[in-house]
Every structure is written in C-alpha cells, then in structure tokens.
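The lines below spell out each chain.
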Amino acid sequence: MQDTDRDLLPEGLGDRLPAQARAAQHVRRVGHDVLASHGYARVEPPLLEFEKSLASRMAGVQARRMFRFVDPASLRLLALRSDITAQVARMAATSLATAPRPLRLSYSGPVSTIKGDGLDPARERLQLGAELVGTDTVAAAAEIVELAIETLASAGATGISVDFTLPDLVDTLSAGPLPLDAAQIEKVREMLDAKDAGGLVDVGGEGYLPLLYAVGPFESAIAQLESFQAGGALDSRIEGLRAIAARVGGKARLTLDPSERHGFEYQSWFGFTIYAEGISGSLGRGGTYQILGQAGEEPEAATGFSLYPDPLIGALAATSDEPQKLFLPLGYDVQVAAQQRAVGWITLAALSDSDDPRGLGCSHVLEGREAVAL
Ligand SMILES: N[C@@H](Cc1c[nH]c[nH+]1)C(=O)O
C-alpha cells in the first residue's frame, strides 16, 4: 500500500526553505544584537517542560492551548512551550531568584500551540523577546516599548505602530466605580471586544459605553478616556500611559484601544500590540505582569515584550536577494579561497568537473587569486 501521507506536514506546520531560514536567522541575529546592546542577557530554556511549571507562573495562562503528553520517563505531564515568557519567569523565580534586580533577560526560539490564532493557521511560530523582571513601573514599560520598536525596526520593519491597552481595565472598573456581578463581567468584556454599544447596554454595561469611544490615535483617545469620570480609578493608568507615550511618541505611531484584550492572557495594568506597515496582523505584544512564586510568597512584578516575526520573515524572504557566491574550480588554491572568505565571500567548491557554477547560483568564479564576475 502506498503511504501518500508520508511527506505531508500536519496542518499549521511548515519548513523554512533556505530563503526563509536566512531571513529568520537575520531577524534573530539583529534582534539579539539590539537586546544585548541594551543589557539584556540571553537565556535558552528547553522546548518542553512540566505542564505545571509552564501554566502556573502567571495567572491566566491557558494550558489547553499547549501540546501536552505524558513523559515516558517521569510519567508526569509535559507540555511544549507556547510562550517563552513563562519559562523566563520560572528562571527568574528559581535559578535567578537572587540575581540583582531589575533583571534583564532576552530569548528567542520556536513556540507552538495546538490551534492557530484567528485567521492565522500557524501552529509553530518564532518568538523573540525580552523581559525586565523586578519592576512594572512607567519607566520599565517605556523601556520595553522602546526596545520592542528598536528590535522590530532593526529587523527591517518600517512604519511601526503601537496600540496601547489597559488589560485589567474591566476588572479595575468593576471592582470600583462601575460594579458588575461575576456573570456580567464576561458579557461586558465580550461586548467591548465586539465594540457593540447596543449589546453593552443590554448586558447592563451602559456605564462602560465611553470606553468604546476612547479608541484611535493616542492623543484624542486618551482625552476621551480622561473625560470619562471613573471616580479617579483610572487616574494613575492615564498618567502612566501619557508618560510612556511621551517617551516613545517620536519612534512609532501610537494608538489606544483601552479595552483590547486579544492575546493578553496575564498582563496587568499596561499592554501593547505592535504592527508594521505592509504586514497584516500584529507582530508582537507585551506589557506588565506578575510572576507568581511559591504559596505564601509575594508575586514579583515584571514587564516585557514578545515579537512573533514570522510574517516579517516571509516578507523579507520574498524581497531579499540570495547572497553572491564565488565558485572555486577544481584544484583551487586553498589559501586564496580562505582569504576570499575572510573578506566576506561565500565560496562554493567544485567537487567534480561537471559542477556548473551558474547552475549552482554563483555570481563569480575564482581565477588565480581574483574573483571574476561570471
Ligand atoms: N509573552 C507575551 C507577551 C509578553 C511578554 N512579556 C509580557 N508580555 C505574549 O506572547 O503574549
């Protein structure tokens, strides 16, 4: 019987062929250069670990999105990581618990989920980011937003925009000036997500209506949010957003959508989503959060961002040319070839006289000591 499925990959998984792999490598390299230059030390957590440790560091992490299976060795439940931030949080709370704060860490690597996100069917993505552990102040948030912009720009993104949000907004308002009962909270959130004014009134959330208008370019949206009398409950958040915006304003276009929560599983008072021109969908997000310790221990504040640059990698791969290559004919001088590599050439050495330099994508051929254009 023929095994027709043998060479198919499961839905949402794919290979990176050379052009894509080169673009991905470029994005990771320049991204890590930026992060390292700002003092973020790179860490490399494993691909999989105990489900419990991935799912319990931050309130709100959804274990059901992860590939999970029983470890034949320990007979315990393992999960493939879906978000490296949770692993970095674990390191910060354990092996790096006594490292000086604020602790700056960076990371990159593949993450996977059992289902794609919205219209994007991908079940494996590259994640690249940084976490600033020990603080969730305005200064920390501004550093993280600036760093996200710089990292994305260095990777080749242009026309960057950042959409701010207040992930715990409904919790804050419903615990204070605009009380809701437990069942209503989820409904109000859904209506805010759907930007459905009529629906919001129907579920008893009329007090939340002004939030639907505090959306759009940052200055006008924050003015709307300010004019929304929430008994002072939002004052410190508005002040914080203004301070962050003042710091990053010149570097990206800023918008505000205070009740946006798509993708924000555990962020607390501040969150943001980052976009670039010509790339559909977002390229990453970040914000403030709390890392949970052992029972009885105080949680630790942190701020960070994660980029998911696959769409940018796709665009770069489609537009970037293959690097030029220098063909080394049979019997070439090994020393000369090494010198050519030292000055930046990629060399491709003939293995037999039937090797065809043009067919193999070479632009030049070594003649004596010279690289001669083909
Ligand atoms: N890891 C989060 C983003 C983030 C990093 N740090 C804080 N938030 C995400 O992918 O949604």
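See the structure shown above.
It should be emphasised that the depicted structure is a prediction, and the values quoted were computed from it without experimental measurement.

1. What about unusual backbone geometry?
- The step from Arg-101 to Pro-102 runs through a cis peptide bond, and the omega angle for that step is -5°.
- Among the secondary structure elements, Pro-102 is positioned in the loop between helix H3 (84-93) and strand S5 (103-112).
- Even without a glycine there, the phi angle at Leu-75 is positive, about 60°.
- Relative to the helices and strands, Leu-75 resides in the loop between strand S3 (68-70) and strand S4 (77-80).
- Of note, the phi angle at Lys-195 is positive, near 50°, even though the residue is not glycine.
- Assignment of secondary structure puts Lys-195 in the loop between helix H6 (182-193) and helix H7 (197-202).

2. Overview of the packing of aromatic side chains
- Enumeration according to the criterion identifies five aromatic pairs in this entry.
- Measuring from centroid to centroid gives 5.7 Å for Phe-164 and Phe-218, while their planes differ by 80°, and the two rings are edge-to-face. Taken as a pair, Phe-164 in strand S7 (residues 161-165) and Phe-218 in helix H8 (residues 218-227) lie far apart in primary sequence, 54 residues in all. The same class applies to Phe-164 as to Phe-218, namely buried.
- Look at Tyr-266 and Tyr-289: their rings are 5.5 Å apart centre to centre, the planes differ by 70°, and that puts the pair in the edge-to-face class. Taken together, the residues Tyr-266 in the loop between strand S9 (253-256) and strand S10 (271-275) and Tyr-289 in strand S11 (residues 284-291) connect sequence positions 23 residues apart. Of the two residues, Tyr-266 and Tyr-289, neither departs from the other in class, the shared state being buried.
- Aromatic rings pair up to connect Phe-164, Phe-218, Trp-269, Phe-270 and Phe-272 into one cluster.
- We note Arg-125 situated over the ring of Tyr-308; from NZ or CZ to the ring centre the distance is 4.1 Å.

3. What about helix H1 (residues 18-37)?
- Spanning 20 residues, H1 covers 28 Å between terminal C-alpha atoms, matching the ideal 28 Å at 1.5 Å per step.
- Along H1, the positions that sit buried rather than exposed are Ala-23, Ala-24, Val-27, Val-30, Gly-31, His-32, Val-34 and Leu-35.
- Buried residues along H1 sit in contact with strand S1 (41-42), S5, strand S6 (124-133), helix H4 (138-154), strand S12 (300-307) and helix H10 (310-319).

4. Notes on the pattern of salt bridges
- Following the criterion strictly, the structure yields 19 salt bridges and no others.
- As a salt-bridge pair, Arg-104 and Glu-143 come within 2.9 Å of each other at their nearest N and O atoms. Taken together, the residues Arg-104 in strand S5 and Glu-143 in helix H4 connect sequence positions 39 residues apart.
- Looking at Arg-104, the relative accessible area reads 27%, which means it is partly exposed.
- Between Lys-325 and Glu-322 there is a salt bridge; the shortest N-O distance is 3.0 Å.

5. Details of H3
- Counting buried positions along H3 gives nine out of 10 residues, so the element sits mostly inside the fold.
- Every buried residue of H3 is listed here: Ile-84, Thr-85, Ala-86, Gln-87, Val-88, Ala-89, Arg-90, Met-91 and Ala-92.
- Buried-residue contacts for H3 involve strand S2 (48-50), helix H2 (51-55), S5, S6, S11 and S12.
- Put simply, Asp-83 is the residue that caps the front of H3, since its side-chain oxygen is 3.0 Å from the backbone nitrogen of Thr-85.

Criteria and thresholds
Residues numbered from 1 in each chain as written. Predicted model: local features only at pLDDT ≥ 70, side-chain atom pairs only at ≥ 80, totals over all residues. Heavy atoms only, no water. Helix = DSSP H or I, 4+ residues; strand = E, 2+ residues; numbered from the N terminus. Phe/Tyr/Trp six-rings, centres within 6.5 Å; stacked < 30°, edge-to-face > 60°. Buried < 20%, exposed > 50% of the residue type's maximum accessible area, 1.4 Å probe, protein only. Lys NZ or Arg CZ within 6 Å of the ring centre and 35° of its normal. Expected span 1.5 Å × (residues − 1). Contact = heavy atoms within 4.5 Å. Salt bridge = Lys/Arg side-chain N within 4 Å of Asp/Glu carboxyl O. Polar contact = N/O pair within 3.5 Å; in protein donor to acceptor, adjacent residues only side chain to side chain.

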